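Observations on chain architecture
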Amino acid sequence: CHPHMSDLLKALQLPPSEEKHGVKIFVKQFHKIVGHGITNFFGSVSRGVGATFSSATRSKTAYKNGDELLAYHEKQLLRLAANFALTADLCFTLGGRLKFEELLMGRLADALGAIYLGYATLHHYDRRRGIEGLEALTEHAMLRLEREAQEALYAASENFPGPLGPVASTVMKMGCFPLGGLTRPYSDPSDTLTKEVSRLLTTPSEIRDMFQEGIYSAPDGAVHQMTDLINALPICVEADKVATSLRREKREPTAEETNLIAKADALRDALIQVDVFEHATAEEAQPGYVRPALQGTEERFANMDKTVFREAA
């Protein structure tokens, strides 16, 4: 994926008759690779400082504005992508040893995966804007992904391998986190935001409707666990509200409220039931059946003339 690596490799593969030409191409591409790395270094520094400033001055409720939500997180992903590009350039210091550095590759995979999922999340939000609560859900997802990418890159900078590892580690820290901890601004979502997302997912909402779009729904009267679960939710939520109101007001329920609570209890009892099997297989249903593992243990004890495990030990 490097813009200059292909030409450099082609230069190495030229026949001996074109050696001089190959050396010129190699030197030219090598200089381009070094220049590309320097450009990525300063790009990583500038984007890191800018993204840190925007994070420090951002309101906790700014995500409620969809345009600001997209603009802010696109800027953070650009910063993380620049950090990743610099780290990829520093991997040249490992040469062929790179494919054996599984811990480093794992951390880079975590960072790249989080960046990719971040762009996918923003793309989904941009396509589905207008769904109530989608801003909170998107904000929660993006904060977690940005922190995951940040921590993966930081762990890579702390543990960069190879003979030139200390040098690469220092350059990576200077490029990705030029102001130290100040340029690692991403943190997990607040409890307030997490509770809001939890409420949207566990009560009837447009967010739940969005997630239910691709789920099969059985016709009325058919027994289908997922359909029954979806249909029971609004009834159970309404019954819980009534029960809370009764406790708060310290009164007896009306006939309508009693029926609602009873219906919700009946639905819960039906939904939590699990399949029960007296025997896992037909063989186990036969009289005198003993599982092979138990039979083998009994035979071993009989041959050892022992009756309990403690004696055999």
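Reference entry: report on the structure contained in this document. What you are looking at is a predicted structure, and each value in this text was computed from that prediction instead of being measured.

Reading the values: the criteria
Residues numbered from 1 in each chain as written. Predicted model: local features only at pLDDT ≥ 70, side-chain atom pairs only at ≥ 80, totals over all residues. Heavy atoms only, no water. Helix = DSSP H or I, 4+ residues; strand = E, 2+ residues; numbered from the N terminus. Rg over C-alpha atoms; globule rule 2.2 N^0.38 Å. Contact = heavy atoms within 4.5 Å. Areas by Shrake-Rupley, 256 points an atom, 1.4 Å probe, with all protein chains shown as cover. Core = buried A, V, L, I, M, F, W, Y, C linked by side-chain atoms within 4.5 Å. Buried < 20%, exposed > 50% of the residue type's maximum accessible area, 1.4 Å probe, protein only. Polar contact = N/O pair within 3.5 Å; in protein donor to acceptor, adjacent residues only side chain to side chain. Axes fitted to C-alpha atoms, helices over the stretch in contact; angles between N-to-C directions. Parallel < 35°, antiparallel > 145°, perpendicular 65-115°, else oblique. Left-handed = near helix turned anticlockwise from the far one by under 90°. Nonpolar A, V, L, I, M, F, W, Y, C, P; charged D, E, K, R; others polar.

This part covers the overall build of the protein. Secondary structure assignment for the protein yields 12 helices and zero strands. The linear arrangement of helices and strands in the protein, starting from the amino end, is α-α-α-α-α-α-α-α-α-α-α-α. Scaling as 2.2 N^0.38, a compact globule of 313 residues should have a C-alpha radius of gyration of about 20 Å, whereas the protein reaches 31 Å, well beyond that. With respect to the principal axes defined by its C-alpha atoms, the protein has extents near 90 × 70 × 40 Å. A sequence separation of at least 24 residues applies to 69% of the contacts in the protein between residues at least 6 apart. Carbon and sulfur atoms make up 58% of the accessible area of the protein, which amounts to about 20300 Å² in all.

Of all hydrophobic cores here, the largest spans 42 residues; its most connected members are Leu-80, Leu-104, Leu-134, Leu-153, Phe-160 and Met-172. For this core, the elements supplying multiple residues, two or more each, are helix H2 (19-56), helix H3 (66-90), helix H4 (102-127), helix H5 (134-158), helix H6 (165-176), helix H7 (191-202) and helix H8 (206-211). Take this core: its biggest share by element is 10 residues, from H5. Ranked by size, the runner-up nonpolar core spans six residues in total, among them Ile-235, Cys-236, Ala-239 and Leu-271.

This part covers the side chain of Thr-121. Looking at the secondary structure, you find Thr-121 in helix H4. Of the polar contacts made by the side chain of Thr-121, one reaches the backbone oxygen of Leu-117; its length is 2.7 Å. Setting aside chain neighbours within four positions, we find Thr-121 in contact with Thr-138, Ala-141, Met-142 and Leu-145.

On to the packing of H5 against H7, then. As a packed pair, H5 and H7 sit with axes 9 Å apart at the nearest point and diverge in direction by 130 degrees. By the angle between their axes, H5 is oblique relative to H7. Between H5 and H7 lies a crossing whose hand is left-handed. The segment H5 lies against H7, with Ala-136, Leu-137, Glu-139, His-140 and Leu-143 engaging Leu-193, Thr-194, Glu-196, Val-197 and Leu-200. Here the contact of H5 with H7 is built from residues that sort into six nonpolar, two polar and two charged.

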